[in-house]
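Fold and geometry: a report
Take a look at the letters that make up each chain.
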Amino acid sequence: MADFLLLYYSGAGNTQYVAGYIKRTLEEKGHTVTSIFAKRNTCIRNIEEYDGIIIGSPVYTYRAPPTLLEVIKGLPQIEKPIYLFFTKGLILGNSAYEVFKILKLKGYKIIGFSDIIMADTLFLLTSYENTLLYKFYLLPNKIFKRKITKLPEKILTAFDKNTEVQLRKKIYVPLTNFIARKFWNQTKKWIPKFHADEKCTLCGACVELCPRFNIKIEDNNVIFGNDCEFCLRCLHRCPEEAIQIDNLTQKAPRYKPNRINV
Ligand SMILES: Cc1cc2nc3c(=O)[nH]c(=O)nc-3n(C[C@H](O)[C@H](O)[C@H](O)COP(=O)(O)O)c2cc1C
Ligand code: SF4
Ligand code: SF4
């Protein structure tokens, strides 16, 4: 039986859902899985004690989230097998390649890779709950369900085979970046517009949830800093649905993990 480290990052919860499924399934098969959520300043210790590492990430703006990249850059140089999985709305971009490149330089051996299409947690905000568009956005969770349920077995087979895989830079990325650049620039302009509305009970959950430690409560006010990577974790998971971006999200559906419905 093997001892795995499962390092993952997640905003609204898709990657966390898949990570949780992998952990439960591997543990049912008798393996040990230590899961760590990558936050700013997360430092991984005793990596040499694990037989294998599994890393999970979402795709944001065709890239891996900066927080996960920082944590991966902080890993020690050591030869260990790693399985990578990504969740995405549609386009992987160079997210996986970026992670692959950093790990290779550190001496890790990438022995498997999967990318899974799931509901796009950004586009979901452009719909209203229970409308056709909302159901359309959630559709990938049903269509690609088998990719998730088969993943633990795929991971175990890859660790057994222990054969290195190569990831290549995607040549389409400059074009997709060019097409989407206005939209990505717009998301940056929304960062200072995060706020908690009158539904906020000052429960403090968002302070704990933010992977960047970018939210604090002071003088009975929720305060958002500028160190935000737009993961939408706070917005989707606030128990009161009180977090808003400007006046754009008041009627937008929240994507709580119990609604992932995979
Ligand atoms: C700010 C932002 C940017 C995104 N950019 C992309 C992208 O470039 N390509 C893509 O396929 N999906 C993109 N998505 C969709 C997410 O990758 C997808 O919903 C993922 O499963 C979210 O995982 P999480 O809930 O663990 O954060 C984006 C989502 C957000 C919030
Ligand atoms: S999680 Fe929501 S209700 Fe709780 S403090 Fe943050 S904004 Fe307020
Ligand atoms: S403030 Fe919200 S959207 Fe920004 S990084 Fe923190 S949890 Fe994510």
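Keep in mind it's a predicted model, so treat the numbers as computed, not measured. (Residues numbered from 1 in each chain as written. Chains lettered and ligands numbered in written order. Predicted model: local features only at pLDDT ≥ 70, side-chain atom pairs only at ≥ 80, totals over all residues. Heavy atoms only, no water.)

For the rest of this paragraph, the subject is the overall build of the protein chain. Counting its regular elements, the protein chain contains nine helices and nine strands. Relative to the globule expectation of 18 Å for 262 residues, the C-alpha radius of gyration of the protein chain, 19 Å, shows essentially globular dimensions. Taking the intrachain contacts of the protein chain between residues at least 6 apart in sequence as the baseline, contacts between residues at least 24 apart amount to 77%. Total accessible area computed for the protein chain in this model is approximately 13,300 Å², and 53% of it derives from carbon and sulfur atoms. Of the charged side chains in the protein chain, 39 are positive and 25 negative, and the gap between their average positions amounts to 8 Å. (Helix = DSSP H or I, 4+ residues; strand = E, 2+ residues; numbered from the N terminus. Rg over C-alpha atoms; globule rule 2.2 N^0.38 Å. Contact = heavy atoms within 4.5 Å. Areas by Shrake-Rupley, 256 points an atom, 1.4 Å probe, with all protein chains shown as cover. Lys, Arg positive; Asp, Glu negative; His and termini not counted. Charge placed at Lys NZ, Arg CZ, Asp CG, Glu CD.)

Time to look at the site of ligand 1. Taken together, 23 residues are adjacent to ligand 1, and Ser10, Thr15, Val59, Tyr60 and Leu90 come closest. In this structure, an oxygen atom belonging to ligand 1 sits 2.8 Å away from a main-chain N or O atom of Asn14. Within the backbone of Gly89, one N or O atom sits 2.9 Å away from a nitrogen atom of ligand 1. Protein contacts shield 97% of the accessible area of ligand 1, which totals 640 Å² for the unbound molecule. Among the elements of the structure, helix H1 (14-28) and strand E4 (81-88) are those that each provide at least two residues to the shell around ligand 1. Its residues assigned to classes, the shell around ligand 1 shows twelve nonpolar, nine polar and two charged. (Near = heavy atom within 4 Å. Polar contact = N/O pair within 3.5 Å; in protein donor to acceptor, adjacent residues only side chain to side chain. Nonpolar A, V, L, I, M, F, W, Y, C, P; charged D, E, K, R; others polar.)

This brings us to the pattern of salt bridges. Where charged atoms from two side chains of opposite charge approach closely, those side chains can pair. If you walk through the whole model with that rule in mind, you get eleven salt bridges. For Lys29, the salt bridge goes to Glu153, with nearest N and O atoms at 3.2 Å. Within this pair, whereas Lys29 is found in the loop between H1 and strand E2 (32-37), its partner Glu153 is found in helix H6 (residues 151-161), the two being separated by 124 residues in sequence. Among the salt bridges present, the one from Arg40 reaches Asp227, with a minimum N-O distance of 3.8 Å. Of the two residues, Arg40 is situated in the loop between E2 and strand E3 (52-58) and Asp227 in the loop between strand E8 (221-224) and helix H9 (233-237); the sequence distance between them amounts to 187 residues. A relative accessible area of 26% means that Arg40 is categorised as partly exposed. Note on Asp227: relative accessible area 34%, which makes it partly exposed. (Salt bridge = Lys/Arg side-chain N within 4 Å of Asp/Glu carboxyl O. Buried < 20%, exposed > 50% of the residue type's maximum accessible area, 1.4 Å probe, protein only.)

Take the domain arrangement of the protein chain next. Taken domain by domain, the protein chain consists of domain 1 (3-170) and domain 2 (191-248). Between domain 1 and domain 2, the C-alpha centre-to-centre distance is 25 Å. If you look at the interface, domain 1 gives 19 residues, while domain 2 gives 15 residues. When the buried surface of domain 1 facing domain 2 is broken down by residue, Lys39, Arg40 and Leu125 rank first, second and third, together holding 38% of it. Applying the counting criterion to the domain 1 and domain 2 interface returns two salt bridges. For the pair domain 1 and domain 2, the interface holds 13 residue pairs in polar contact (both at pLDDT 80 or more). In terms of residues, the side of domain 1 that touches domain 2 owes the most to one element, helix H2 (residues 66-73), which gives three residues. Of the residues contributing to the side of domain 1 that touches domain 2, the split by class is ten nonpolar, six polar and three charged. (Domains from an automatic or database assignment. Buried area = accessible area lost by both parts, 1.4 Å probe.)

Now for the site of ligand 2. Taken together, Ala196, Cys200, Thr201, Leu202, Cys203, Gly204, Ala205, Cys206, Cys238, Pro239, Glu240 and Ile243 make up the full set of residues adjacent to ligand 2. In terms of residue class, the shell around ligand 2 is built from nine nonpolar, two polar and one charged.

Glancing now at a nonpolar patch on the surface. Where nonpolar side chains cluster on the molecular surface, the patch consists of Leu133, Phe136, Leu139 and Ile143 and spans about 380 Å² of accessible area. Here Leu133 shows up in helix H4 (residues 132-143). (Patch = residues over 30% accessible without salt bridge, like charges linked within 9 Å, V, L, I, M, F, W, Y side chains within 5 Å.)

Let us look at the environment of Leu103. Of note, Leu103 is situated in helix H3 (residues 95-105). For the pair Leu103 and Ile82, spaced 21 residues apart in the sequence, the C-alpha separation amounts to 8.8 Å. Ignoring sequence-local partners within four residues, the contact set of Leu103 consists of Ile55, Ile72, Leu75, Ile82, Leu84, Tyr108 and Ile110.

What follows concerns the nonpolar core. One recurring pattern in soluble globular proteins: nonpolar side chains tend to sit buried together. Membership of the largest hydrophobic core comes to 31 residues, with the highest contact counts inside it found for Ile55, Ile72, Ile82, Leu84, Val99 and Leu103. Contributing elements (two or more residues each) for this core: strand E1 (3-8), E3, H2, E4 and H3. For this core, the element with the highest residue contribution is H3, accounting for six residues. When residues no more than four places from it in sequence are discounted, the contact partners of Ile55 are Leu7, Leu68, Ile72, Ile82, Tyr83, Leu84, Phe85 and Leu103. Listed in part, the 23 residues of the second largest apolar core include Phe4, Leu6, Val18 and Tyr21. (Core = buried A, V, L, I, M, F, W, Y, C linked by side-chain atoms within 4.5 Å.)

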